[in-house]
Amino acid sequence: MATREKVDVVIVGAGASGSVFAATLATAGKKVAVLETGPDWQLSDLVSSDFWGRRIKTAGAPFLLEGKNPFGYSYQSGWGVGGAALHYFANFPRLLPTDFKMKSEHNRGLDWPISYQDVARYYDKVAQDVGVSGDAKAEEPWRPAGKPYPMPPMKTFRHGEVWVKACAEHGIRLVPACVGMNSTEYKGRPACIYDGWCHVGCPTGALSNPIVTYLGEARRAGAEVRARSTVTRVLTNAQGTKATGVEYYDAAGQRHVQPASVVVLAAWSAQNPRLLLNSATPKHPKGLANASGLVGKYMMCHFASGTWALFDEDVQNHLGTTGAQFMSYDRYAKTSHKGAFGSSFIVAGSALKTSDLGGFANARLDLFGPELHAFMKRAARGLTRLNAFGEELPNLENRVELATDKDQYGMPLGRIVHSFDEDAAGVWNANFEEGLKIAKSAGAQEAWSGRGAMPTIHLMGGTIMGTSAKNSVVNSYGQTHELPNLYAAGPGIFATAGASNPTYTIFALSLRGAEQLAAKWSSVVA
């Protein structure tokens, strides 16, 4: 075993949340080490290819998947520096004020210990930090006013535009999607070229992945990013009152200890609970920060109701961005759908490629051979999709726990147990029904629902925020209630899921937590 030189902060994970903590704390003069289990990717490593893009998806020890709707995570986490934000769609919608007070307003789910207004200025600051394109004024009927985005909306193409009038006929106002991409040159990074390969990593730097934003800033400020370093435990003092560092293994399988004054867990939402549970001690027999018994509990995700539509024209579907050209919150009210509870967030106009995630070949799972070939020839120019993301409510039974099987380092594997409830199924079906009506209004030659296994998207929860160690794992800054120098970051700290893509909120909450840590440093490490 090798013990490394002590640092001020060790951050586990080099994705969206870890990169923000690294940049903020390194800029504040702290000695920062970021440990990442995968490779140290550079922009020059990224290739616009579905096949190549699989290299930056999940790897390492597998999670065991159980429940009525097992969580499919291969596209929801990342492998290497940049994390999942290396291959995300960079859709940047916000949570809305109603998401923060669901229990108060509807007596369902949980309340956050903060309000939308506590996060709003961080949304605005993140937009300036990383570069966001959109139309803030157009969003104001749905959310409080804020600063304009630093760049105008992205270009639109026919496969998004075909939905605008039809959605309006059904009471759904589409506005330009807010995205973490450059519609113009920004901070020395080029504008997007609209080739539609966002989901495999953007090699130009037009997409705001951590490599070209916060992580780059962190490195310039002196932070060390240590790739191929797999953390297995958080270490504590004998009294169990402070975190003292982490245990990790390098690429050669050598065990190391990295001492630190502060530990920030910024791994994937299922990995942070796994680490906390595996770090149990006599002082913390249920795992670290787990006096509430809620570590690994209240795991939540989104689901999607995709409506496919085939038009007898060239809708330019190979162009644009993988995420969306347009978005709408007009079905976001928790009671938008009769007989089902939960928000929906609607997007239109996703660039389509032949295969892999949401591609032509996956649009008609019933076709094989010559029939599939004929369909794909038509779809290559005429296919488009309207997508409605739905909200899952927090449920104690949806959880991450330790299994008896172990990985190569002797760490117990994580088991994710997940099932959707009747509300989620109701929202899923309601969005399918409305999608077909909209496609008919749009004049589609053919339209069908993208049914199959109910999808699981954007894993959240497991280290939820709250007011005390009795009802949560962390406070609103991500600081654990029981060990003041141990933080958790990322979507795991969400108390509810909302229905909109989580990464903008991940960045905003991480910036809020990191700034608080820097400001309160002396009291945190005392």
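Shown above is the structure to which this text applies.
Residues numbered from 1 in each chain as written. Predicted model: local features only at pLDDT ≥ 70, side-chain atom pairs only at ≥ 80, totals over all residues. Heavy atoms only, no water.

Caption draft 1: View of the overall build of the protein chain. Looking only at helices and strands, the protein chain has 13 helices and 18 strands in total. Its C-alpha atoms give the protein chain a radius of gyration of 22 Å, near enough to 24 Å, the size a compact globule of 526 residues would have. Projecting the C-alpha coordinates of the protein chain onto the three principal axes gives extents of approximately 70 × 50 × 50 Å. Split into buried and exposed, the 526 residues of the protein chain put 63% on the buried side. Long-range contacts, defined as pairs at least 24 residues apart, comprise 74% of the intrachain contacts of the protein chain with a sequence gap of at least 6. Summing over all exposed atoms, the protein chain offers an accessible surface of approximately 18800 Å²; the carbon and sulfur share of this is 52%. (Helix = DSSP H or I, 4+ residues; strand = E, 2+ residues; numbered from the N terminus. Rg over C-alpha atoms; globule rule 2.2 N^0.38 Å. Buried < 20%, exposed > 50% of the residue type's maximum accessible area, 1.4 Å probe, protein only. Contact = heavy atoms within 4.5 Å. Areas by Shrake-Rupley, 256 points an atom, 1.4 Å probe, with all protein chains shown as cover.)

Caption draft 2: Summary view of the side chain of His 256. Of note, His 256 is situated in strand S9 (residues 255-265). His 256 sits in the buried class, given a relative accessible area of 9%. Polar side-chain contacts of His 256 include one of 2.8 Å to the side chain of Asp 250. Other than its neighbours up to four places away in sequence, His 256 contacts Ala 2, Arg 4, Val 246, Glu 247, Tyr 248 and Asp 250. (Polar contact = N/O pair within 3.5 Å; in protein donor to acceptor, adjacent residues only side chain to side chain.)

Caption draft 3: Examining the packing of helix H1 (residues 16-27) against helix H12 (residues 503-519) more closely. The N-to-C vectors of H1 and H12 enclose an angle of 30 degrees; their axes lie 8 Å apart at closest approach. With respect to H12, the element H1 is oriented roughly parallel. Along this stretch, H1 crosses H12, giving a crossing that reads as right-handed. Residue-level contacts link Ala 16, Ser 17, Ser 19, Val 20, Phe 21, Thr 24 and Leu 25 of H1 to Thr 503, Ile 506, Phe 507, Ser 510, Leu 511, Gly 513, Ala 514, Glu 515, Leu 517 and Ala 518 of H12. Its residues placed into classes, the contact of H1 with H12 shows 10 nonpolar, 6 polar and 1 charged. (Axes fitted to C-alpha atoms, helices over the stretch in contact; angles between N-to-C directions. Parallel < 35°, antiparallel > 145°, perpendicular 65-115°, else oblique. Left-handed = near helix turned anticlockwise from the far one by under 90°. Nonpolar A, V, L, I, M, F, W, Y, C, P; charged D, E, K, R; others polar.)

Caption draft 4: View of helix H4 (residues 116-131). Spanning 16 residues, H4 covers 21 Å between terminal C-alpha atoms, matching the ideal 22 Å at 1.5 Å per step. Among the residues of H4, Tyr 116, Val 119, Ala 120, Tyr 122, Tyr 123, Asp 124, Val 126, Ala 127, Val 130 and Gly 131 are the ones counted as buried. For H4, the secondary structure elements touched by its buried residues are helix H8 (214-220) and H12. (Expected span 1.5 Å × (residues − 1).)

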